[in-house]
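Fold and geometry: a report
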Amino acid sequence: MSAGQVTPEPPFLAACRRRPVPHTPVWIMRQAGRYLPEYMAVRQKVDFLTLTKTPDLAAEVTLQPIRRFGMDAAILFSDIMTPLEGMGVDLDFDPGPVIRNPVRSAGHVDGLRVGDPEESVPFVMETIRILRRELPASAPLIGFAGAPFTTYCYTVQGSGSKTFIEAKAFLYAEPEAAARLLDKIAETTSRYLSAQADAGAQALMIFDSWAGLLSPRDYRRFALPAVQRIIAELRSHRLPLIYFPNQGSTLMASAREAGADVIGVDWRLPLSEARSVLGPDLAVQGNLDPAALFAPRDELARQVDRVLAEVGGAPGHIFNLGHGIERTTDPAAVAFLVDRVHEQTAR
Ligand code: CP3
């Protein structure tokens, strides 16, 4: 590249590295999905599992929110449960993950394989390669996976749950078998994220959606070590690594030790408080209440501005919701949100 023609770093990647940005970057968890009519048009033709396994279609629905709203990052269209099939887990969706034969014994754990991504989920890497050709440079591609504890919850429970009581019972009744299962999931996840990086993902995010089910003590025992191990193994790729411990208000001091560059914060904890626990060396991502998108525009604007004020213009903030967007959200509210963040933070 000749002098003077260096392409500026996209705001999303700059913010992950706590560098100055021309505006605060914004994207939305679950930005591709059922609140968008163009997503529903694709889903009319194929079921969700087929959609995740068809690279052209998965790439198309990843691009939909970027085209419509001009977000500062794209997230691969897939699911946290996708790599589990490669371990020998029998996966379906209705609409959340359903596992017909949940893992409930030491023998079942020992019969599972460590998944090889090139063999079991090559369609994910193909989707990433298509997206890198089609995405604008302003929207870097985030690859992702579930954190081992969250993936473990679905694998043992067999479906979504408020309490994941079977999954937690297995932790306490069979701690050694549970630890072996968490290890196998962690190894599968590490290889899976590494393959995404090799295929062209520009940042990687680990979703720990159910971390908040654990006390700080159990979180440090059962959830954190597996995340630390994955992050340590991914460091050689030199990509920003984002870790999201959902409902993690009481876990922030521990989550800080995950080794990530960016911590996702749900809406229950003000970003100012999260930052005072996390310290100045970590960026934060979040954290508007997804319900704010149902408020009148002036109230939505106030809540967006409040999130921005909590950061106070310090570097290292990626604007997002505090959890995934709700299915009944009006897309026009999302357009308003993205524009508001860009306008209020233009420097
Ligand atoms: O735009 C994006 O964010 C990309 C794709 C994405 C999906 N799932 C697509 C999806 C991502 C990043 C996920 C992650 C995911 N999946 C998580 C972690 C994030 C979180 O919300 O905590 C979890 C826990 C899952 C498990 C899962 N998959 C659930 C609970 C559901 C049901 C969700 C619902 O809204 O009912 C799914 C299915 C799923 N994954 C859908 C989508 C778009 C809906 C499927 C459909 O079209 O019917």
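This text goes with the structure placed above it.
Everything numeric in this text was worked out from a predicted model, so none of it was measured. (Residues numbered from 1 in each chain as written. Predicted model: local features only at pLDDT ≥ 70, side-chain atom pairs only at ≥ 80, totals over all residues. Heavy atoms only, no water.)

Quick word on the overall build of the protein
Counting its secondary structure elements, the protein contains 15 helices and 9 strands. At 19 Å, the protein has a C-alpha radius of gyration in line with the 20 Å of a compact globule built from 347 residues. Across the 347 residues in the protein, those meeting the buried criterion constitute 58%. For the protein, the share of sequence-separated contacts (at least 6 apart) that also reach a separation of at least 24 residues comes to 73%. Surface summary for the protein: the accessible area is close to 14,300 Å², and the carbon and sulfur share equals 49%. Each charge class in the protein can be summarised by its mean position, and for the 36 positive and 40 negative side chains these summaries are 2 Å apart. (Helix = DSSP H or I, 4+ residues; strand = E, 2+ residues; numbered from the N terminus. Rg over C-alpha atoms; globule rule 2.2 N^0.38 Å. Buried < 20%, exposed > 50% of the residue type's maximum accessible area, 1.4 Å probe, protein only. Contact = heavy atoms within 4.5 Å. Areas by Shrake-Rupley, 256 points an atom, 1.4 Å probe, with all protein chains shown as cover. Lys, Arg positive; Asp, Glu negative; His and termini not counted. Charge placed at Lys NZ, Arg CZ, Asp CG, Glu CD.)

Quick notes on the nonpolar core
Membership of the largest hydrophobic core comes to 131 residues, with the highest contact counts inside it found for Phe12, Trp27, Tyr152 and Tyr243. Of the residues forming this core, the biggest block, 11 residues, is contributed by helix α10 (residues 175-199). Setting aside anything within four residues of it in sequence, one finds Trp27 in contact with Phe12, Met71, Ala73, Ile75, Ile142, Met205, Gln285, Ile318, Phe319, Asn320 and Leu321. (Core = buried A, V, L, I, M, F, W, Y, C linked by side-chain atoms within 4.5 Å.)

Here we look at the pattern of salt bridges
Applying the stated criterion across every chain yields a total of 19 salt bridges. Of the charged contacts, one joins Glu187 and Arg191 as a salt bridge, the two residues approaching to 2.9 Å between their closest N and O atoms. On the criterion of helical spacing, the pair formed by Glu187 and Arg191 is a turn pair, its members being 4 residues apart in helix α10. By relative accessible area, which is 38% here, Arg191 ends up partly exposed. Between Glu257 and Arg220 there is a salt bridge, with its nearest N and O atoms 3.0 Å apart. (Salt bridge = Lys/Arg side-chain N within 4 Å of Asp/Glu carboxyl O.)

Details of the site of the ligand
Taken together, the neighbourhood of the ligand is formed by 22 residues, with Arg34, Tyr39, Arg43, Ser209 and His323 sitting nearest. Contact distances for the ligand include 2.7 Å between a nitrogen atom and a side-chain N or O atom of Asp79. Bound to the protein, the ligand loses 88% of the 880 Å² it would expose on its own. Across the shell around the ligand, the residue classes tally to 13 nonpolar, 5 polar and 4 charged. (Near = heavy atom within 4 Å. Polar contact = N/O pair within 3.5 Å; in protein donor to acceptor, adjacent residues only side chain to side chain. Nonpolar A, V, L, I, M, F, W, Y, C, P; charged D, E, K, R; others polar.)

Comments concerning the layout of surface pockets
Within this model, the largest pocket holds a volume of roughly 1,400 Å³. Forming the boundary of the largest pocket are 41 residues, of which Arg30, Arg34, Asp79, Gly324 and Ile325 lie nearest the centre. Where the lining of the largest pocket is concerned, the elements lending two or more residues are α2 (37-43) and β3 (97-99). A per-class count over the lining of the largest pocket returns 21 nonpolar, 12 polar and 8 charged. (1 Å grid on protein atoms, 1.4 Å probe; cavity = no way out; pocket = protein on both sides within 12 Å on 5 of 7 lines; lining within 4 Å. Points joined across faces, edges and corners; volume = space filled by probe spheres on them.)

Focus on the packing of helix α8 (residues 148-157) against helix α9 (residues 165-173)
Relative orientation of the contacting elements α8 and α9 amounts to 105°, with a least axis distance of 7 Å. Judged on the interaxial angle alone, α9 and α8 are roughly perpendicular. Residues Phe149, Tyr152, Cys153, Val156 and Gln157 of α8 form the contact with α9, whose participating residues are Ile165, Glu166, Ala167, Phe170 and Leu171. By residue class, the composition of the contact of α8 with α9 is 8 nonpolar, 1 polar and 1 charged. (Axes fitted to C-alpha atoms, helices over the stretch in contact; angles between N-to-C directions. Parallel < 35°, antiparallel > 145°, perpendicular 65-115°, else oblique.)

Observations concerning α8
Of all 10 residues making up α8, 10 are buried, and the element is well covered by its neighbours. Buried positions along α8 lie against β3, β4 (141-146), α9, α10, β5 (203-208) and α11 (216-234). Phi turns positive one or two residues past the end of α8, at Gly158, with a value near 95°.

Concerning the side chain of Thr189
Tracing the sequence through the fold places Thr189 in helix α10. Looking at Thr189, the relative accessible area reads 4%, which means it is buried. Excluding its chain neighbours within four sequence positions, the residues that come into contact with Thr189 are Ala145, Gly146 and Ile230.

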